Amino acid sequence: MAADGGISSVQLPCVFSPKTRQYLALCAQDGKLRIWNTDSKTLHQEYVPSAHLSATCICISWGPCRTLKERPQRKKRKSEAGQVEESADLLAMGTAAGTVLIYSTAKGALHCTLDGGHSGGVNCVQWHPDDSLLYSGSDDTNIVEWDLQTGKTKSKWKADRAAVTSLCVSPDGKLLLSAGQTIKMWDLNTKEVYRKFTGHSTAVTTLCFATTRPPDSNGLYFLSGAAHDRLLSVWQVREDGKDKNSVVSFALTDEPQHIDLIPSKSREEVMRLAVVCKDGQLHLFEHFLNGPCKKPLTPSCTVQMSDTKDTPMPIPLLAAALRADTPTLTLAYGNHLQPVMEKVEINTAERRVCLTRDVQTSLSISMGTTLSKVKTPIVNANSKLLVPGLPGHQAPVKGATQGSEKRKTETKEMTIAERIGEIDLSSRKGALKATASLQADNFAVLLVQGLESNDAHILNKVLQTNKETVIKKTVAQLPLPAVLPLLKELTKRLQGHPFTAVLMTRWLKAVLVHHTSYLASLPDLVTQLGLLYYTIESRVKMFHKLTKLHGKLYLLISQVAEHERKPTATTVEREAKLVYEEESSDEDEASGDEGLPDDDSDNWEEEEAMEEDQDEQTDREKDDAEDPESRPDSKANGEDDMEHENESEEE
């Protein structure tokens, strides 16, 4: 059982067929589905979806074993009358476009396509023990139950706030486990939540039932693994509902990538578990699920593989399958495009086991057996083949076209040294315009010779030019059999220095523009250009992250530069540019020096005279105070004055 759920960028879908483990279904980087026979170690079937590059396969799940009705039935003997042949046939694939493809190994073709149920990419697919039902979880947070007899949606419900990343159906077919932000157990009859489990902080990529017991007996266990988590958690479904925390955890060296287990049927039977981690190591566990365990359990045996070179390098393990009756393991290791399968017997008494294998030898033998089945057509030696090519087209590179006899004589007379000399002369400044066509012509001839003889000196001389006109004319005059060798040479140079890769992109653009019709006519174009596709994809993969980083750095640099241009607080001038004074009040004038004359006053002489009169009046008052006899006179004078004033008022 593989980790069917997961994120496509984290792991590639890889799963063994149930029960017999005879077949290994695998989707590599090129989007093709390949089914390998583990017994013969050869490629059994290959299927290329119509949108294998745009809508890649994210998850794979084998259907339950069934009786194959598609094959022609032979008349059985009496001894075989009671035997029913059952094997894994249907294979479900969830794609990034939101569709589910059902592939039949008996037909060797697509059985049906399930679409219209999801609006996001399908992250996980899981079969019901009854082969007519299928469950799928998607980025749109929904779970869809498909009826394979009609090919339509039977039911659909919202499972979580986040994307559904993993699914698993119980052995009795009554319960369904789903994982998003939390792990939920659903009752498939009512489509209601039966239990909830929380404990993972990242997306759950693995869900597996570890026992076949019913949940009412407190003996139902399942395990879960999450992305960027080095622990596998085991949960117990209790009858009283007190199952909030995991009861057992298994310690790993890295994130789990592929999981296979043999469930226990009773408390006295041990559960066997094989986990392949992202670092390429295999961990084997054996544990009795009979209650909680506080400490994380370490693996009973760890298996690692390496090559046989002087400085051994580790070989990554891709998947591992356990055998119920025998202690042997079925291992798949190496590359996803061409995995190596082997059945080994591991001594679990040792804590660490290291297996050394010669991967190159195994790859060459496996490829030889695979290609030996291809039949090449028998063609008469006198006939000429005008079709662009057959699968595996490797036409010999010819020097020039058959139509130009004069050009053939010129190329025979001139040596390579003379042509290189002409290229150097024509590339100097002040060369005539007429030499451009001659230069492009020589470039095309030299490029063909360099590709045919694999001469690095000639290829460097031709491919190091950076003139657009010369590149376009050279590619336009290139014969068709030299297009594929040129693309392979450009692909090899694209993987080198970045400056060289910039030049190679100009040549690659010119080749794809001029020779698209020829390349489209080749039936094995994807195989021929597979390495080029991987190279471009690996280079472009980091561009999105780099643009984000560039934007953040540009924002920070612009803020720092703007901060440096602004004057600091210490340079602010403290002196006032303009002072405004209001007119002073009477109190302010009184507080000033009264004896000093006002400069702005024009009548300063009159003011001095008034001040002298006041001084004389004060002197008189002092004299009157000293002579008391003069007081009644003053009073009389004052009374007389008052009387005169009263008389005047009466008048």
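One numbering rule holds for all chains: residues counted from 1, following each sequence as written. Owing to the predicted nature of the model, reporting of local features is limited to residues with pLDDT of at least 70; listing and counting of side-chain atom pairs is limited to 80 or more, with chain, interface and lining totals taken over all residues. Excluded from the side-chain calculation are hydrogens and water; included are all heavy atoms of the structure.

The name that an unreviewed UniProt entry assigns to the chain is WD repeat domain 43, with the source organism given as Tetraodon nigroviridis. UniProt positions are given in the numbering used here, feature names are shortened, and annotations may be inferred rather than shown by experiment. Entered under Sequence similarities (unreviewed entry) in the UniProt record, the comment concerning the chain runs "Belongs to the UTP5 family." In its Subcellular location (unreviewed entry) section, UniProt records this for the chain: "Nucleus".

Right, let's talk about the state of the cysteines for a bit. Disulfide assignment relies on a single distance test, namely cysteine sulfur atoms paired within 2.5 Å. Applying the stated criterion to the full structure yields zero disulfides. Left without a disulfide partner, Cys57 is nearest to the cysteine sulfur of Cys27, which lies 3.7 Å away.

Helix and strand assignments come from DSSP, with helices taken as H or I runs of at least 4 residues and strands as E runs of at least 2, each series counted from the N terminus. Turning to its location among the elements, Leu525 is positioned in helix 10 (residues 525-528). Sequence separation between Leu525 and Leu484 is 41 residues; the distance between their C-alpha atoms is 9.5 Å. We call two residues in contact whenever any of their non-hydrogen atoms come within 4.5 Å of each other. Those residues in contact with Leu525 that sit more than four places away from it in its chain are Leu519 and Ala520.

Time to look at the sheet that holds strand 5 (residues 57-62). Strands sit in the order 5-8-9-10 across an open sheet of four strands; the sheet is antiparallel. A single partner strand is all that each edge strand has here, and the edge strands are strand 5 and strand 10 (109-114). Sheet twist, expressed as the mean angle between neighbouring strand axes with direction ignored, is 25°. Direction of pairing for strand 9 (residues 100-104) relative to strand 10: antiparallel, over a ladder of five bridges. Within the sheet, the bridge partner assigned to Ser104 lies in strand 10 and is Ala109. DSSP-based pairing: two strands are paired if at least 2 bridges between them are found. A fitted line through C-alpha atoms represents every axis, and for helices the fit uses only the stretch in contact; the resulting angles, taken between N-to-C directions, go from 0 to 180 degrees.

Attention now moves to the packing of helix 7 (residues 483-494) against helix 8 (residues 498-514). Between helix 7 and helix 8, the least distance of the axes is 9 Å, while the angle of their chain directions is 155°. Of the possible angle classes, the one that applies to helix 7 and helix 8 is roughly antiparallel. Considering only the axes of helix 7 and helix 8, their crossing is left-handed. Residue-level contacts link Val483, Leu486, Leu487, Leu490, Arg493 and Leu494 of helix 7 to Thr500, Ala501, Met504, Thr505, Trp507, Leu508 and Val511 of helix 8. Oblique is the label for every angle not falling under 35 degrees (roughly parallel), over 145 degrees (roughly antiparallel), or within 65 to 115 degrees (roughly perpendicular). Put simply, a crossing is left-handed when the front helix is turned counterclockwise from the back one by less than a right angle, and right-handed when it is turned clockwise.

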